[in-house]
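Read off the chains here:
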Amino acid sequence: MLDALQGEFGVPGVVEFVPGRNGMPTVRLRHPSGAGAEAYLHGAHVTSWTTPAGEELLFVSRQSHFAAGRPIRGGIPVIFPQFGPGALPQHGFARISEWHVRRAGQTDAGVSVTLGLAQTPETLALWPYHFDLELQILLRENALALTARVVNHDPRPFDFAQVLHTYFRVADIEQAAVLGLQGTTYIDSLRDDARETETRAEIRFAGEVDRIYLNVPDCLRLRDEGNGRTLTLQKQGMPDVTLWNPWVDKAQRMADFGDDEYREMICVETGVAMATPLSLAPGQQWQGETIFQVENAPA
Ligand code: BG6
C-alpha cells in the first residue's frame, strides 16, 4: 500500500509515505526550509509539526494508542460530525476512520497533502448521510495551514460540527497564555455549561479548563513563555474555540494520557463546535481554515 501511494502521490524527499507507529500508514512532508509535518491516514491525524530548527510544536502523549478504531491522543484530531458526547462516538467518527489520499505535491505555496473521507457502510450505520470531508495540510517554512471542507451529497440537509482539536506542546502550562478571547462568551462545561463573558486579555492555566468560546475573533495567540515562542492562529469560517487542559485528576482518569503530561500541553481547538452546529443543504459545501504560524522561535 505504501509503495503504491508513494508511486502515485509521493515526491522523494518532499512527500513520503512511510510506516508510522504499529506500521500504520503515514505521510511525511518536508519543506525546503527544513520544516516538517507528519500525518496518519488513520483520522487524517497530524502528529508532528517541526520548525526548520527541528523543534516539535505539537504534543502527542507517550501513552497514546496507535490502533484501528482508537483515536490518537495528541497532535490534531479531526472532529466530525459531532463535537463531544452524543448519539455518535465521542467527537464523531472522522478521527477513528481511515482516510484516503487525494492529492499531494509541492508548489510556491508550500508542500501539501489532501486527505478525504466519504461515507462508508460503517459511517452510514452511525450517521445516515452521504457526505464528503476533505482536509488539506499545507506546510510552509514557519506555518502549518489546515483547510477543511464538507460537502453534503445527501438528498436531505444535515447538521455537523467540525473541529481541529489541536494539542500544542508547551514547555510548562503555568508559563503559557492564550490571547485574543477577551469580551467573548464561553460555555463552561465544568460549571454545568454556564455561559460567561471572558474578561481576561490573557488566559492563564492553574487548573482544569474545558470551555467553548463562541464567535471568537479570527486571530488568536498562544504564548509559550517557557520556550520563548508565540504562535498565532489565524482562522476563517471557524467561529468557535475550545480551550482544554485536563489537569491532575482528569489526567489520572485518562488511560491514554500520562499523569503528568497535562503540564506539557494545551488544546486550543478551532472550528464549528456542537454549540453552534452548521446546517448544510443538499449539494452545499462548507469550508474553514486555520493557519498556525510561529511568530518567534527561540534564539
Ligand atoms: C475536549 C472536550 O474538546 O476534548 C473535553 O471539551 C474532552 O471535554 C477532550 O475531555 C478530550 O476528549 P477525548 O474524547 O479525546 O478524550
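Use the structure listed above.
Residues numbered from 1 in each chain as written. Predicted model: local features only at pLDDT ≥ 70, side-chain atom pairs only at ≥ 80, totals over all residues. Heavy atoms only, no water.

Moving on: the sheet that holds strand E6 (residues 100–107). Strand order across the open sheet formed by 9 strands is E6-E7-E8-E9-E23-E19-E18-E13-E16, with antiparallel pairing between neighbours. Lying at the two open borders of the sheet, with one neighbouring strand each, are E6 and strand E16 (202–203). Pairing geometry for strand E19 (residues 229–236) and strand E23 (residues 285–296), over 7 bridges, is antiparallel. Across the sheet, the residue bridging to Thr 232 is Gln 293, located in E23. (Pairing = 2+ DSSP bridges. Helix = DSSP H or I, 4+ residues; strand = E, 2+ residues; numbered from the N terminus.)

It is worth spelling out the pairing of strand E4 (residues 45–50) at this point. Taken across its 6 residues, E4 has 6 buried, putting it largely inside the fold. One ladder, built from 5 bridges, connects strand E3 (residues 36–40) with E4; its direction is antiparallel. By the bridge assignment for E4, Gly 36 is matched with Thr 50. Between E3 and the antiparallel strand that follows it, E4, lie 4 residues; Gly 43 among them carries a positive phi value of about 85°. (Buried < 20%, exposed > 50% of the residue type's maximum accessible area, 1.4 Å probe, protein only.)

Moving on to the site of the ligand. What surrounds the ligand is the set Arg 73, Phe 83, Gln 90, His 91, Arg 95, His 165, Asp 210, Thr 242, Trp 244, Lys 250 and Glu 269. At 2.9 Å, a side-chain N or O of Gln 90 approaches an oxygen atom of the ligand. Interatomic distance of 3.0 Å between a side-chain N/O atom of Glu 269 and an oxygen atom of the ligand. Burial of the ligand by the protein chains amounts to 84% of its free accessible area of 400 Å². Here the residues of the shell around the ligand are counted per class, giving 2 nonpolar, 4 polar and 5 charged. (Near = heavy atom within 4 Å. Polar contact = N/O pair within 3.5 Å; in protein donor to acceptor, adjacent residues only side chain to side chain. Areas by Shrake-Rupley, 256 points an atom, 1.4 Å probe, with all protein chains shown as cover. Nonpolar A, V, L, I, M, F, W, Y, C, P; charged D, E, K, R; others polar.)

Moving on, we come to the sheet that holds E4. Strands sit in the order E1-E2-E3-E4 across an open sheet of 4 strands; the sheet is antiparallel. Single-partner strands in this sheet number two, and they are strand E1 (15–19) and E4. Between one strand axis and the next, the sheet turns by 20° as a mean value, whatever way the strands run. Here 5 bridges tie strand E2 (residues 25–30) to E3, and the two strands are oriented antiparallel to one another. Across the sheet, the residue bridging to Arg 30 is Gly 36, located in E3. Contacts between helix H1 (residues 2–9) and the sheet are confined to E1 and E2, with E1 contributing the most and set at about 175° to the helix. (Axes fitted to C-alpha atoms, helices over the stretch in contact; angles between N-to-C directions. Contact = heavy atoms within 4.5 Å.)

Geometrically, the link from Phe 80 to Pro 81 is a cis peptide bond, its omega value of -5° lying close to zero. Position of Pro 81 among the secondary structure elements: in the loop between strand E5 (78–79) and E6. A positive phi angle, near 55°, is found at Asn 22, a position not held by glycine. Its place among the elements puts Asn 22 in the loop between E1 and E2. One non-glycine residue, Ala 44, lies in the positive phi region at around 50°.

A few words now on the environment of Gly 92. Take Gly 92: it is sitting in the loop between E5 and E6. For the pair Gly 92 and Phe 160, spaced 68 residues apart in sequence, the C-alpha separation works out to 9.7 Å. Gly 92 has contacts with Phe 80, Pro 81 and Gln 82, leaving out every residue within four places of it along the chain.

Ranked by internal contacts, the top residues of the largest apolar core, which has 79 residues, are Ile 137, Leu 144 and Leu 243. If near-sequence neighbours (up to four positions away) are discounted, Ile 137 is found in contact with Leu 29, Ala 39, Val 46, Val 111, Ser 112, Val 113, Leu 115, Leu 144, Ala 145 and Leu 146. (Core = buried A, V, L, I, M, F, W, Y, C linked by side-chain atoms within 4.5 Å.)

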